[in-house]
Amino acid sequence: MTSLPITPQETTSRACRQCGNVLSLVARKDAEYCSNACRARGGRARRRQQQIDERSATSRQCPACLRDITGQGQSRSDLVYCSAACRTRAWRTRTTGSARHKPRLRGLPIRPRPIPNETLTSYIQRLAKANHFSPRFLLSQLRGTPLPGGTTVSIVLLAAAVDMSEHALRRALPEFRRSSGDVVLGKHGKAVGFHLETIRPACRHCAAARDVFEPVDCWMAPQHNVCLTHQLWIGPNTTNPADQLDVSQFPEIGRAQRRQLKLGRYPMNVNAYHEAREICRRWAASNIFTHLRDQRLEALTPNGEPSPSAGQAAAYPELIAMNGLLANPIWRALAANGDPASLQRLYHEVGLRIGQTYKPLTAWDPLLRWALEQQPLTRHASEQQYEAR
């Protein structure tokens, strides 16, 4: 049986829609593609053309120059800018905040890490000195939108300059934290200070462990007076690292620091601390009940006149001991009771805490005045009660 020859008209009607090859004679009558690959390629072409037609139907403008790019959608369906120049101009606007050409601040060659709770001013000065810049020039490059606390340094630009994440900078620099930043960090197990009120030099040994051998100012809580890691006094009157005295020879100073950190958890401790500090200050001014303090002060300053920081460190154990006593509601109740037996118990406890026998020497003894203030008595009655004893 002879087969009939295929006419050119039949060959054209049986060509693949995608590649144009002749379809097989055994293909279905409604077949349009010669293979599955051509069928998939043709489906993608139809969907792309449909997207182009939809974009061409709506009016579009270039975000950079505001030119009409409705007719330019035939080349690609995701066209946003009319040219590469407009695309570059938009990128500069996003990165620098200005449409003018301004080189973006790249990572600095030398990138010292901030010390925990370091002040922003101290860190900018260290960063500028390490890279041989002036602090004013570096601030001009890092300037951004002012924050609620008055900080004008952009955390985005600073993070790019030192190759750190914004979260890490907020953990280290308190000026970048928001109102609830400390609370959020505390919930995640980060030890942060909730009342950072004082600026003091950081522990010089802690700074040296991070290869920092220059003064570093840090935000510190009032109850942080001793570096427990290196046993250095970093409390009041330490204006430079040279004032940080080594107190490792007096273990009671380190114990007093741990005791104060525990007492700081209670709200009643705030008033008790100020009362205890005033009592110890008056005792020191009158040179009474300072036997242990004088011994420590002599050991801390063997040569020369005692410095103010040495005086603060020498009196610190007795201050915290009195702070714990005045914050205890039991001893406050005994002082408010007013009977001689209760006061004698109070005086005996004070003697144990200051390391020597305590007995009021005058009617104006600061601890006696504090005990009488707890009692609902007049001044005349208080003096009579003292004279009766």
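Definitions and limits used
- Residues numbered from 1 in each chain as written.
- Predicted model: local features only at pLDDT ≥ 70, side-chain atom pairs only at ≥ 80, totals over all residues.
- Heavy atoms only, no water.
- Helix = DSSP H or I, 4+ residues; strand = E, 2+ residues; numbered from the N terminus.
- Buried < 20%, exposed > 50% of the residue type's maximum accessible area, 1.4 Å probe, protein only.
- Contact = heavy atoms within 4.5 Å.
- Areas by Shrake-Rupley, 256 points an atom, 1.4 Å probe, with all protein chains shown as cover.
- pLDDT = per-residue confidence, 0-100.
- Core = buried A, V, L, I, M, F, W, Y, C linked by side-chain atoms within 4.5 Å.

**Observations concerning the overall build of the protein**
- In terms of regular secondary structure, the protein is built from 18 helices and 4 strands.
- Within the span of the protein, comprising 389 residues, buried residues form 38% of the whole.
- For the protein, the proportion of contacts with a sequence separation of at least 24, taken over those separated by at least 6, is 50%.
- Within the structure as shown, the protein displays about 23700 Å² of accessible surface, and the carbon and sulfur contribution to it stands at 53%.

**Details of the confidence of the model for the protein**
- For the protein, mean pLDDT is 82; residues scoring 70 or higher make up 80% of the total.
- Note that pLDDT drops below 50 for residues 6–12; the model gives that stretch 3 contacts with residues more than four away or on any other chain.
- With pLDDT under 50 throughout, residues 99–103 is counted as low confidence; its partners more than four residues away or in other chains account for 4 contacts.

**Points about the nonpolar core**
- One finds Trp283, Val350 and Leu367 to be the most contacted residues of the largest nonpolar core, which totals 41 residues.
- Here the element with the most residues in this core is helix 14 (residues 316–327); it accounts for 7 residues.
- In this view, Leu367 contacts Ile279, Trp283, Met322, Leu326, Val350 and Tyr358; residues no more than four positions away in its chain are not counted.
- Counting 20 residues, the second largest nonpolar core, distinct from the first, contains Leu127, Leu158, Met164 and Ala172.

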